[in-house]
Structure formats: C-alpha cells, structure tokens
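Chain and residue survey
One letter stands for each residue in the lines below.
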Amino acid sequence: GSIFKRFFWWEDECTELIQKKFGVSIVKKSFKNMAAEAKNISDSETERLWNKWNLPVKDVSNKALSSALKIYLTLKKEIEADPAIKGAGMNCLNESFYSDTTPCLAWSMLFEEKGIIWACEADTVSLLTMYIIQKTLNEPLMMSNIYPFLMGMAALKHEKIDTFPDVEEPENHLLVAHCGYFGVVPKCFASQWQLTPKVLEIVDDNATAIDARFPEGEVTLVKLDPTLSRLQVIEGVLEGYAQYPGSDCRNGAIIKVRNGYSLMENLYSHHNIIITGHQKIALRSLASIFGLEIDEL
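Residues numbered from 1 in each chain as written. Predicted model: local features only at pLDDT ≥ 70, side-chain atom pairs only at ≥ 80, totals over all residues. Heavy atoms only, no water.

What to know about the overall build of the protein chain
Here is the rule: Strands are runs of DSSP state E lasting at least 2 residues, helices are runs of H or I lasting at least 4, and numbering of each runs from the N terminus. For the radius of gyration, the atom set is restricted to C-alpha positions; the globular benchmark scales as 2.2 Å times the number of residues to the power 0.38. Partly exposed residues are those whose accessible area sits between 20% and 50% of the maximum for their type, while under 20% is buried and over 50% is exposed, using a 1.4 Å probe and protein chains only. Working rule for contacts: check all heavy atoms of both residues, and any pair within 4.5 Å makes them a contact. Only the protein chains shown count as covering a residue, and every accessible area follows the Shrake-Rupley method with a 1.4 Å probe. Charge assignment: positive for Lys and Arg, negative for Asp and Glu; neither His nor the chain ends contribute. One atom stands in for each charge, and that atom is NZ of Lys, CZ of Arg, CG of Asp or CD of Glu.
Secondary structure summary: the protein chain contains nine helices and twelve strands in total. The C-alpha atoms of the protein chain give a radius of gyration of 18 Å, which matches the 19 Å a tight globule of 297 residues would have. For the protein chain, the C-alpha atoms occupy an extent of roughly 55 × 45 × 40 Å along the three principal directions. In the protein chain, which comprises 297 residues, the proportion classed as buried is 55%. Contacts in the protein chain between residues far apart in sequence, at least 24 positions, make up 72% of those at least 6 positions apart. Surface exposure of the protein chain reaches about 13700 Å², of which carbon and sulfur atoms provide 49%. The protein chain carries 30 positive and 39 negative side-chain charges, and their two centres are separated by 5 Å.

Structural data, given as structure tokens:
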C-alpha cells in the first residue's frame, strides 16, 4: 500500500540532496518499458550468453534463467550507451507486476563485468554509500536488511519466522536477510553462491534470487544518513548463517555487534551496507575526505 511510497530515497528532496552534496545525478527511467524491452530478446541469445558464464544454479528452470539474463542484456545495453552510469537499481518489488523476473543475477553479472554498483529496491542512498566505499576501500561489500533481535515480533513477522536463532547475548545480535537469503552478493565476493528460484510472494513465480554467503569473520556495517552529512560505522562479527525452510529467510546471516541497544536507538535505516573486515580506521579517513561526521557505534 501507500507505506511503500514513503521511502525517503524516492523523494525529490533526496535526489536533489545527492546532486547538491556529491554532484551525482539520479536518472529515473520506466521499469515498465525496460521489462517490455527485455521480453523481446530471444531465448537463443540468452542461451549463447549463458554458455559463456555458466554460473551455479539450483532448481532454476530454463525459462526463469532466460528471463533473468534478458534483464542483464537490457541493462547492459543501457549502461554501455552512457559511460557516465556508475550504478543502477530498480523498484523490483513494488513494481514487480511489470516483469516476470528480478534483477539479482543482472546486478551480480554487471558488477563482475563492468564494476557497476547495484542497489536493491532502487535505494539511492545505499547505492551512493556503496559506490563511495567500493571505489575507495575496494573491499567486498553488499547491502541487506538488518533485523536486530531486539526488534522482536516486528522482524520475525516480516521474515515469516517464529524465533530468532538461539545465541548467547541475543540483545547484541542481528539477523541479516533480503528477499529470502543473505542478499545480492556478486559471485567474486562470495564464499558460496548459487542462483535459486525466488522466495518472496510479491514477485513473479518465474523470478530468481541469489543464495550467497560472505566468509564468516569480522565485518563492518556502514551507511550514509538521510541528510548525507554523517556516516554510521558499526564493527561486528559474522558468526554464521541461519536457515528457516518455508520462510522468507531461507539463509540469513547472524552478526554480533558490541552494543545492540545503541544500534537499535541509532540505526539510520533497515537497509545497511556490509563490508568484510573491520574497516573503522579506513572509514574515518574516507569520512574526513568527504567532510562527513562519523557515528561509531
């Protein structure tokens, strides 16, 4: 419903702020037209393409794979026509009725092939955060939803699960999940990676998702705030993964942070960027270059 219209990153105010602060233009194009163009690509073209890539898939039909590759080819053509494009995203959930698939595979392939940064759900603030960090730190990164265990039922209901994983110090733990799995991770960043059928009911039955993992160990959560004047930095440890068959969290990550209460009070957004390693010192330098205040939790 109308709640989806309230994402700050879709407001003109946010787009203007990104332009003013970083000199980055956000160009909006029709998802409906893009999806229609993708459907016109022949299956023989996607078959030839797949023979070159041949990424790991599990239980994905040829039709579903072909549809996902058509999105990649359509986006690739658009990106190659304008070298100024450095990142892309689409409103793939709330406008999913325009397309018979999802762009997850396309984002992974376009990053590996061209270094194009992606943003799930067209979250331009996440896109900007990821672009700045990837181009300066050059570390593996991705974006996902952060669910502190302290959120309780609100998070559980959203992911259609009954309980959080059983851990010591649950107040200092987060479940990280997006569209059924950990989130979109390019294969070059992943310790495990496979393309799978979609999980969420909102998208077409023909759609796909990526089931991937980062290596376990130290990670850093980071995000620009909505005013684009502050950078939040939270170091933690990716302790493992939790599987809930039949839920909207088939394979989510479990991250432990130093102070879950502080995180709950101060988190900028449910969307967060996760970088491998503890990156606080490098991020302090990055913040000073861009004139950003830093919030370390």
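And the narrative resumes.
Here's the deal with the pairing of strand S10 (residues 249-257)
A regular strand carries its side chains on alternate faces of the sheet. Put simply, the test is: Whether two strands pair depends on DSSP finding at least two bridges between them.
Judged by how many residues are buried, S10 sits mostly within the fold: seven of nine residues are covered. Pairing analysis gives two bridges linking strand S5 (residues 180-181) to S10, with the strands arranged parallel. Each residue of the ladder has a partner; that of Gly180, found in S10, is Cys249. Where strand S9 (residues 230-242) meets S10, six bridges bridge the pair, whose relative direction is antiparallel. Across the sheet, the residue bridging to Gly240 is Ile254, located in S10. In textbook terms, the turn of a hairpin is the stretch between consecutive antiparallel strands, and for S9 and S10 this stretch comprises six residues, one of which, Gly246, has a positive phi near 80 degrees.

Here we look at a nonpolar patch on the surface
Just so we agree on the cut-off: Note that patches include only residues with greater than 30% relative accessible area and no salt bridge, and the join distances are 9 Å for like charges and 5 Å for nonpolar side chains (Val, Leu, Ile, Met, Phe, Trp, Tyr). Whenever Lys or Arg places a side-chain nitrogen within 4 Å of a carboxyl oxygen from Asp or Glu, that contact is recorded as a salt bridge.
Taken together, the side chains of Leu150, Met151, Tyr261 and Met264 present a nonpolar region at the surface, about 340 Å² in accessible area. Judged by its relative accessible area of 30%, Leu150 is partly exposed.

A short note on the pattern of salt bridges
Overall, the coordinates contain 13 salt bridges when judged by the stated rule. One salt bridge connects Lys63 with Asp100, and the closest N-O pair in it is separated by 4.0 Å. Taken as a pair, Lys63 in helix H4 (residues 62-80) and Asp100 in the loop between strand S1 (87-89) and helix H5 (104-114) lie far apart in primary sequence, 37 residues in all. Given the relative accessible area of 17%, Asp100 is considered buried. The partner of Lys160 in a salt bridge is Asp248, with the nearest N and O atoms 3.9 Å apart. Taken together, the positions of Lys160 in the loop between helix H7 (153-159) and strand S4 (173-177) and Asp248 in the loop between S9 and S10 put the pair 88 residues apart, joining distant regions of the chain. By relative accessible area, Lys160 is classed as partly exposed at 44%. A network of salt bridges, in which partner residues are shared, links Lys160, Glu201 and Asp248.

Structural notes on the pairing of S4
Within S4, five of the five residues are buried, which leaves it mostly tucked inside the rest of the structure. Judged by which residues are buried, S4 turns out to be covered on both faces: His173, Leu175 and Ala177 on one side and Leu174 and Val176 on the other are all buried. For strand S3 (residues 141-148) and S4, the ladder comprises four bridges, and the chain directions are antiparallel. For Pro148, the partnering residue across the bridge sits in S4 and is Leu174. Where S4 meets S10, four bridges bridge the pair, whose relative direction is antiparallel.

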